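# Overview (structure and organization)
So the chains spell out like this:
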Amino acid sequence: MSHFLKKWTELSEVKEELASRDWFFGTSGNLSIKVSNTPLQFLVSSSGKDKRKITSEDFLLVDELGNAVESTGLKPSAETLLHLEVYRKTNAGCSLHVHTVDNNVISELYGDYGEIRFRGQEIIKAFGIWEEDAEVSIPIIRNHADIPALADEFSQYIDGDAGAVLIRNHGITVWGRNAFEAKKHLEAWEFLFSYQLKLLSVKNLVQPKISI
Ligand SMILES: CSC[C@@H](O)[C@@H](O)C(=O)COP(=O)(O)O
Ligand SMILES: [Zn+2]
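Below you will find a few notes about this structure. Within each chain, residue numbers correspond to sequence positions counted from 1 in written order. To label them, take the chains in the order written and letter them from A, then take the ligands in the order written and number them from 1. Since the coordinates come from a predicted model, pLDDT governs what is reported: local features require at least 70, and pairs of side-chain atoms require 80 or more to be given and counted, while whole-chain, interface and lining totals use all residues. Excluded from the side-chain calculation are hydrogens and water; included are all heavy atoms of the structure.

Among the structural elements, Met1 can be located in the segment before α1 (3-20). Burial status follows relative accessibility: with a 1.4 Å probe on protein chains alone, a residue under 20% of its type maximum counts as buried, one over 50% as exposed, and anything between as partly exposed. Using a relative accessible area of 67% as the deciding quantity, one classes Met1 as exposed. Once you skip the residues sitting within four places of it in the chain, Met1 turns out to touch Lys6 and Thr9. Numbering of helices and strands runs from the N terminus, with a helix taken as a DSSP run of H or I at least four residues long and a strand as a DSSP run of E at least two residues long. By definition in these notes, contact holds between two residues if any of their heavy atoms fall within 4.5 Å.

Below, the structure is given as structure tokens:
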């Protein structure tokens, strides 16, 4: 199997798994995987497609400017610039973006704090952090309608080969050294978001606020 085909298959399998979790509501979400370093080329999902479907037009190869390498009728994801920033600044091999109800609610609840932190959760080990009582945090940024402005702000929070940023009332972008790591981190973040929302709602049921 060619290197290109291997990368396509890898990304396609991740896309299928995220689709099985129902994380691609209303054509939202995009994915990319690095194919080469020099020149920088990566496969990115085609814009506006139903990412739950598997077709030969799911991805296209783009260059270090985010433009299609070969002439095609397909449009790279509207958020290709964010993926590009990840590959430009790190050695990451894969970047995943999904809109879920949980990540949107968390981003709205904690958006004014600019981040959300989690401590003492076993799943934090999925981020490769093994210390007792470890703490992780994810930045929450504004959702600029202008993609270059969004990519600009997003870029300020890219500081390693694996990482994640929440975009307020939009979604999460997670990257990792490879597709396995990016997906693992994405699942861990979504677990934490879901945990937090459940905890808040149960607490509210157990200790209802009494208003007089
Ligand atoms: C209906 S999703 C809105 C889009 O603007 C975007 O946020 C998204 O995630 C999908 O865009 P796409 O261009 O298909 O990659
Ligand atoms: Zn999006």
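What follows concerns the nonpolar core. General note: in soluble globular proteins, nonpolar side chains tend to be found buried as a group. Counting residues in hydrophobic clusters, the biggest one holds 39 residues, and the most contacted among them are Leu18, Ile172, Trp189 and Phe193. A per-element tally of this core places helix α5 (residues 179-206) first, with eight residues. Setting aside residues no more than four positions away along its own chain, Trp189 makes contact with Phe118, Phe127, Val136, Ser137, Ile138, Ala164, Ile172 and Val174. By nonpolar core is meant a set of buried Ala, Val, Leu, Ile, Met, Phe, Trp, Tyr and Cys residues that side-chain atoms within 4.5 Å join together.

Looking now at the coordination of the zinc ion (ligand 2). Nitrogen, oxygen and sulfur within 2.8 Å of a metal are treated as its donors, or within 3.2 Å for sodium, potassium and calcium (Na, K, Ca); water is not counted, so a site can appear incomplete. Distances from the zinc ion (ligand 2) to its protein donors, namely Glu79 (OE), His97 (NE2), His99 (NE2) and His170 (NE2), fall within the range 2.1 to 2.6 Å. Considering all six donor atoms around the zinc ion (ligand 2), the spread of angles at the metal, 73 to 172 degrees, places the coordination shape in the octahedral class. The sequence pattern describing where the donors of the zinc ion (ligand 2) fall on their chain is E-x17-H-x1-H-x70-H. For His97, a relative accessible area of 2% corresponds to the buried category. Here the metal geometry follows the donor angles, with tetrahedral for four donors whose angles all fall between 85 and 135 degrees, square planar for four and octahedral for six when opposite donors are more than 155 degrees apart and every other angle is between 65 and 115, and irregular for all the rest.

We call a residue near a given molecule or strand whenever any one of its heavy atoms falls within 4 Å of it. Neighbouring ligand 1 are 14 residues, the closest being Ser47, Gly48, Lys51, Ser77 and Glu79. In protein, a polar contact means a hydrogen-donor-capable atom and an acceptor-capable atom, both N or O and within 3.5 Å, with residues adjacent in sequence counting only if both atoms are side-chain atoms; elsewhere, any N or O pair within 3.5 Å suffices. A distance of 2.5 Å separates an oxygen atom of ligand 1 from a polar side-chain atom of Lys51. When isolated, ligand 1 has an accessible area of 410 Å², and the protein chains bury 74% of it. A breakdown of the residues in the shell around ligand 1 according to their chemical character gives one nonpolar, eleven polar and two charged. Using a 1.4 Å probe, the Shrake-Rupley method yields the accessible areas, and only the shown protein chains count as cover for residues. Residue polarity follows a fixed list, in which Ala, Val, Leu, Ile, Met, Phe, Trp, Tyr, Cys and Pro are nonpolar, Asp, Glu, Lys and Arg are charged, and the others, Gly among them, are polar.

For the rest of this paragraph, the subject is the pattern of salt bridges. Put simply, a salt bridge is a Lys or Arg side-chain nitrogen that is within 4 Å of an Asp or Glu carboxyl oxygen. All told, the structure shown has 18 salt bridges when counted by the stated rule. The residue Asp50 makes a salt bridge to Lys53 at a minimum N-O spacing of 3.3 Å. Across the salt bridge formed by Arg119 and Glu135, the nearest N and O atoms sit 3.9 Å from each other. Within this pair, whereas Arg119 is found in strand β5 (residues 115-119), its partner Glu135 is found in strand β6 (residues 135-141), the two being separated by 16 residues in sequence. You can call Glu135 partly exposed: its relative accessible area is 36%. Salt bridges linked by common partners bring Glu115, Arg117, Arg119, Asp133 and Glu135 together as one network.

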